[in-house]
Amino acid sequence: MASMLGILGGILIWIASAYADPTQDDKPHTPQSKTGPRTEIRIQGYDYTEGVWQVEGDIYVQQGTSGVCVMQVFGGVQHSTSMMLLVSNGNLRHYNDQVVASDIYDRWIHLNVIHNADEGKVYVFVGGKEKVVADDRGRAKHYFKCGVYTNVNASSCMESRWKNIRLWTK
């Protein structure tokens, strides 16, 4: 039987570049970090190494946001993540490969991600339809994150909105 563990209401997550003064640009999470700017929400208190875990929610991506990760299953053996969903030119992609949803700008999309850590599989559903079945990247400590995290060819401003976030386990 699945158990709902928590609900998070609506949130707006964004990164902006200061066009007139680059010293005011958003920064990575620490001064020593080599990554790009990010604003993320980690769903804390629900780290796991085994079992079946699911996060669902509604995501809205503003027109022009591109080159950004909006959701992650964090934790892997040779990589830091088991799954990433990225926005590139209006498409939601599994990493930088498979298109999960097209024309996602300026509309709400219901997203469901299931991680079967016991079997090493990640399932991605959009609007109730299965779009991705992929191997995770090995047994590790996992958790879910959502937000905006600068990736390849990032736009100068990026935004994702999330609502109705729910976390389940079985």
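These remarks concern the structure in this document. Residue positions are counted from 1 within each chain, in the order its sequence is given. With the structure being a predicted model, the display of local features is reserved for residues of pLDDT at least 70 and the display and counting of side-chain atom pairs for 80 or more, all residues being used for whole-chain, interface and lining totals. The basis for every side-chain value is the complete set of non-hydrogen atoms in the structure, without hydrogens or water.

Section: unusual backbone geometry
Excluding glycine, residues mostly carry a negative phi; peptide bonds, for their part, are mostly trans.
Move 1: Of note in this structure, Tyr95 is not a glycine but carries a positive phi near 50°.
Move 2: Positive phi values are uncommon outside glycine, yet Asn164 reaches one of about 55°.
Move 3: Only DSSP runs of H or I reaching four residues or more are called helices, and only runs of E reaching two or more are called strands; each is numbered from the N terminus. Tracing the backbone through its elements, the reader meets Asn164 in strand β13 (residues 157-169).
Move 4: Relative accessibility under 20% of the residue-type maximum defines a buried residue, over 50% an exposed one, and the middle range a partly exposed one, all with a 1.4 Å probe and only protein chains included. Judged by its relative accessible area of 32%, Asn164 falls in the partly exposed class.

A closer look at the side chain of Glu56
Move 1: Within the element layout of this structure, Glu56 appears in strand β4 (residues 52-61).
Move 2: Although Glu56 is buried, it makes no salt bridge; Arg166 carries the closest opposite charge, 4.8 Å away.
Move 3: By the convention used here, residues are in contact when the closest approach between their heavy atoms is within 4.5 Å. What Glu56 contacts, discounting residues up to four positions off in sequence, is His110, Leu111, Asn112, Asn164, Ile165, Arg166 and Trp168. The charge count includes Lys and Arg as positive and Asp and Glu as negative, but it does not include His or the ends of the chains. For salt bridges, the criterion is a side-chain nitrogen of Lys or Arg within 4 Å of an Asp or Glu carboxyl oxygen.

So, the nonpolar core
Move 1: Buried Ala, Val, Leu, Ile, Met, Phe, Trp, Tyr and Cys residues form a nonpolar core when they are joined through side-chain atoms within 4.5 Å. Judged by nonpolar contacts, the single largest core of 34 residues is most densely connected at Met71, Leu85, Leu92, Val113, Val124 and Phe144.
Move 2: Core analysis: the next-biggest nonpolar cluster, separate from the first, contains 5 residues, Cys69, Met84, Leu86 and Tyr95 among them.

Considerations on the pattern of salt bridges
Move 1: On inspection of all chains with the given rule, the structure shows 5 salt bridges.
Move 2: We note a salt bridge from Arg139 to Asp118, for which the minimum N-O separation is 4.0 Å. Here Asp118 lies in the loop between β9 (108-116) and β10 (121-126) and Arg139 lies in the loop between β11 (129-135) and β12 (143-150), a separation of 21 residues in the sequence.
Move 3: Overall, Asp118 belongs to the partly exposed group, its relative accessible area being 46%.
Move 4: Members of the salt-bridge network, linked through shared partners, are Arg42, Asp47 and Lys141.

Section: the packing of aromatic side chains
Move 1: Centre distance within 6.5 Å is the pairing criterion for rings of Phe, Tyr and Trp, where only the six-membered ring of Trp is used; planes under 30 degrees apart are then read as stacked, over 60 as edge-to-face, and the remainder as tilted. Considering all chains together, one arrives at 4 aromatic pairs under this definition.
Move 2: Seen from their ring centres, Tyr48 and Trp53 are 4.7 Å apart, and the 15° between their planes marks the pair as stacked. Each member of the pair Tyr48 and Trp53 is classed as buried.
Move 3: Ring centres of Phe74 and Tyr143 lie 4.9 Å apart, and the angle between their planes is 20°; this geometry places the pair in the stacked category. Taken together, the residues span a long stretch of sequence, with Phe74 in strand β5 (residues 68-74) and Tyr143 in strand β12 at a distance of 69 residues.

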